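So you can see what is in the structure, the chains are spelled out below.
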Amino acid sequence: MRITMIGSGYVGLVSGVCFADFGHDVICVDKDLSKIEALREGRIPIYEPGLEQLVAENTSTGRLSFSTDVGESVRSADVVFIAVGTPSRRGDGHADLSYVYAAAREIATYVEGFTVIVTKSTVPVGTGDEVERIMRETNPAADVAVVSNPEFLREGAAIEDFKRPDRIVVGLNDDRARETMTEVYRPLYLNQAPLVFTTRRTSELIKYAANAFLAMKITFINEIADLCERVDANVQDVSRGIGLDGRIGAKFLHAGPGYGGSCFPKDTLALAKTAQDYDAPIRLIETTISINDNRKRAMGRKVISAVGGDIRGKKIAILGLTFKPNTDDMRDSPAIAVIQTLQDAGAKVVGYDPEGMENARKVIENIEYASGPYEAAADADALVIVTEWNQFRALDFNRLKQSMRAPVLVDLRNIYRSDEVRKYGFTYTGIGTNLYQESNA
């Protein structure tokens, strides 16, 4: 099929490349000429494992191309996906749909013949109705079916998620689109990936409900972790003990510094605002948002406590700046609030991240950036693991102890066992264990 992807950001690029890999002819469109030129040259503007190779393979076969020409790309398409950003709107927290609506108007201007218009962007309930209204107002002769098809991609595992999805949700109010969407996802459907057809509004809500539930699950185990610290229990054992229950499941039960990224903070806020607008407030999600916001700074205070309560003039080394490993995404990363809290208390902060330092420089001020974990730790009064990159899972603690001013490890991801760190003479502070564990030295 001929597919046009409007928006070549994270979702648009990954989706477009994977569709091309299925055998469809795909054009990824973006207004940013520098981004399109970079993609044509094989330079990928985001970090996602496996993406660069997949782009190269599919551009070489001719199935994948990049363009700034919306008109030509839309006219030739059987299906047009809208995959533009929907950031939180300044002031009220609602999703900013201006890019979605602008795309709808432009698509309507150029569309020819029956075309399925698919909203891939994460949007509030009722957005598809407005997209359809805008398109018919802009071009009354347009023969279109507007569909909702939310993405469920995890940064760092997006290609795997796209090609082996738990489910594919398609919301439509025009049955003509069913056959088209089945053909679009035929390679996955043949592999028995569940294709869930529902109404357009239900599909839009499924996406928000899924992200909100996962955010709530993370927040729940974080609160349990706080209780574990007070009652001398171990949150990792609690997580395992409840996660083995098939009704609960083990995923998203890893205590840490709070959720971040491009989806959970934005989507939980948008869902809460939508629910308020319809006089059906979701108090659980409102509370989840508040707890998560407060938790990030609380992690900074945990570091201060681990160092002895006064960090003015002390050097704190931060390992991991992105909101999760295997991405360069800094959006709402817990590291931002942790570092700000430390700076407010007078600390000198040095950070290191395998992929995120370029983006970190845009959002975190007045810190030094190191070339590696050991360079960051040199002369540090504490080492703090904020993001669980694999390269931080086997640190040389003898080397660290020799170079650090004080052997203090604050592990905000629980990637180490306290006993294995303490035997090297370190003081260890984790999440959801007793608050302060002295070294064995």
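Residues numbered from 1 in each chain as written. Predicted model: local features only at pLDDT ≥ 70, side-chain atom pairs only at ≥ 80, totals over all residues. Heavy atoms only, no water.

The name given to the protein in an unreviewed UniProt entry is UDP-glucose 6-dehydrogenase, with Rhizobium leguminosarum as the source organism. Under the Sequence similarities (unreviewed entry) heading, UniProt states for the protein: "Belongs to the UDP-glucose/GDP-mannose dehydrogenase family." You can read under Catalytic activity (unreviewed entry) in the UniProt record for the protein the words "UDP-alpha-D-glucose + 2 NAD(+) + H2O = UDP-alpha-D-glucuronate + 2 NADH + 3 H(+)". (UniProt positions renumbered as here; feature names shortened; annotations may be inferred.)

**Considering the domain arrangement of the protein**
Assigned domains within the protein: domain 1 (2–198) and domain 2 (290–439). Look at where the C-alpha atoms of domain 1 and domain 2 centre, and you get two points 38 Å apart. Contacts between the two partners involve 8 residues from domain 1 and, on the opposite side, 9 residues from domain 2. Here domain 1 and domain 2 share an interface that buries about 620 Å² over both sides, 43% of which is from carbon and sulfur atoms. When residues of domain 1 are sorted by the area they lose upon contact with domain 2, Tyr47, Glu155 and Gly156 head the list and together hold 85% of the total. Inspection of the region where domain 1 meets domain 2 yields 3 residue pairs in polar contact (both at pLDDT 80 or more). Residue classes in the side of domain 1 that touches domain 2 are distributed as 4 nonpolar, 1 polar and 3 charged. (Domains from an automatic or database assignment. Contact = heavy atoms within 4.5 Å. Buried area = accessible area lost by both parts, 1.4 Å probe. Polar contact = N/O pair within 3.5 Å; in protein donor to acceptor, adjacent residues only side chain to side chain. Nonpolar A, V, L, I, M, F, W, Y, C, P; charged D, E, K, R; others polar.)

**Comments concerning the sheet that holds strand β8 (residues 195–198)**
Overall, mixed pairing links the 8 strands, which are arranged β3-β2-β1-β4-β5-β6-β7-β8 in an open sheet. Edge positions in the open sheet fall to β3 (64–67) and β8, since each of these has one partner strand only. Between one strand axis and the next, the sheet turns through 25° on average, direction left out of account. Relative to strand β7 (residues 168–172), strand β6 (residues 144–148) is paired through 2 bridges, and the arrangement is antiparallel. Residue Ser148 lies in a different strand from β7, and its bridge partner there is Gly171. Sitting on the sheet, helix α6 (residues 127–138) touches β5 (115–119) and β6, and the angle it makes with β6 is about 160°. (Pairing = 2+ DSSP bridges. Helix = DSSP H or I, 4+ residues; strand = E, 2+ residues; numbered from the N terminus. Axes fitted to C-alpha atoms, helices over the stretch in contact; angles between N-to-C directions.)

**So, unusual backbone geometry**
In the Ramachandran plot, Asn366 falls in the positive-phi region, its phi being about 60° despite a non-glycine side chain. Inspection of the secondary structure assignment puts Asn366 in the loop between α15 (357–363) and β11 (368–369). Asn366 gets classed as exposed once you look at its relative accessible area, which sits at 72%. Positioned with a positive phi, Asn414 is a non-glycine residue whose angle comes to about 55°. (Buried < 20%, exposed > 50% of the residue type's maximum accessible area, 1.4 Å probe, protein only.)

**Thoughts on the environment of Arg133**
Secondary-structure assignment places Arg133 in helix α6. Arg133 gets classed as partly exposed once you look at its relative accessible area, which sits at 39%. For the pair formed by Arg133 and Arg105, sequence separation is 28 residues and the distance between their alpha carbons is 9.9 Å.

**Things to note about the packing of aromatic side chains**
Under the definition given, this model contains 12 aromatic pairs. For the pair Phe19 and Phe162, a centre-to-centre distance of 5.1 Å together with 90° between the ring planes defines the contact as edge-to-face. Placement of Phe19 in helix α1 (residues 10–21) and of Phe162 in helix α7 (residues 158–163) is noted, with a sequence separation of 143 residues between them. Side by side, Phe19 and Phe162 carry an identical accessibility label, which is buried. With a centroid separation of 5.0 Å and 80° between ring planes, the pair formed by Phe397 and Tyr416 is classed as edge-to-face. Placement of the pair is Phe397 in helix α17 (residues 397–403) and Tyr416 in the loop between β13 (408–411) and α18 (418–422), with a sequence separation of 19 residues. Following the ring pairs from residue to residue traces out a cluster consisting of Phe19, Phe22, Phe81, Phe162 and Tyr185. (Phe/Tyr/Trp six-rings, centres within 6.5 Å; stacked < 30°, edge-to-face > 60°.)

**Focus on the sheet that holds β11**
Across the sheet, which stays open at both edges, the 6 strands sit in the order β11-β10-β9-β12-β13-β14 with parallel pairing between neighbours. Since the sheet does not close on itself, it has two edges, and those belong to β11 and β14 (427–429), each with one partner. Here strand β9 (residues 315–319) pairs with strand β10 (residues 348–352) via 5 bridges, running parallel. When the sheet's bridge partners are listed, Ala317 is paired in β10 with Val350. Packed on one face of the sheet, helix α13 (residues 283–307) meets β9, β12 (382–385), β13 and β14 and runs near 155° to β13.

**Thoughts on the packing of α1 against helix α3 (residues 51–61)**
Contact pair α1 / α3: the axes reach a minimum separation of 10 Å and the direction vectors enclose 50°. Accordingly, the angle class assigned to the pair α1 and α3 is oblique. Note on packing geometry: the crossing formed by α1 with α3 is left-handed. For the pair α1 and α3, the contacting residues are Leu13, Val14, Val17, Cys18, Ala20 and Asp21 in the first and Leu51, Leu54, Val55 and Asn58 in the second. The residue inventory of the contact of α1 with α3, partitioned by class, reads 8 nonpolar, 1 polar and 1 charged. (Parallel < 35°, antiparallel > 145°, perpendicular 65-115°, else oblique. Left-handed = near helix turned anticlockwise from the far one by under 90°.)

**Focus: the UniProt feature "binding site: NAD(+)" (unreviewed entry) in the protein**
Per the UniProt annotation, the sites labelled "binding site: NAD(+)" (unreviewed entry) are Asp30, Lys35, Thr86, Thr122, Glu155, Lys266 and Arg331. Spatial dispersion of the annotated residues is evident: they stretch over 302 residues in sequence, and the largest pairwise C-alpha distance comes to 24.2 Å. Here Thr122 lies in the loop between β5 and α6. Residues in contact with Thr122, not counting those within four places in the same chain, are Thr86, Glu151, Lys207, Tyr208, Lys266 and Asp267. Among the secondary structure elements, Lys266 is positioned in helix α12 (residues 264–277). Excluding residues that lie within four positions of it along the chain, Lys266 makes contacts with Thr86, Pro87, Ser88 and Thr122.

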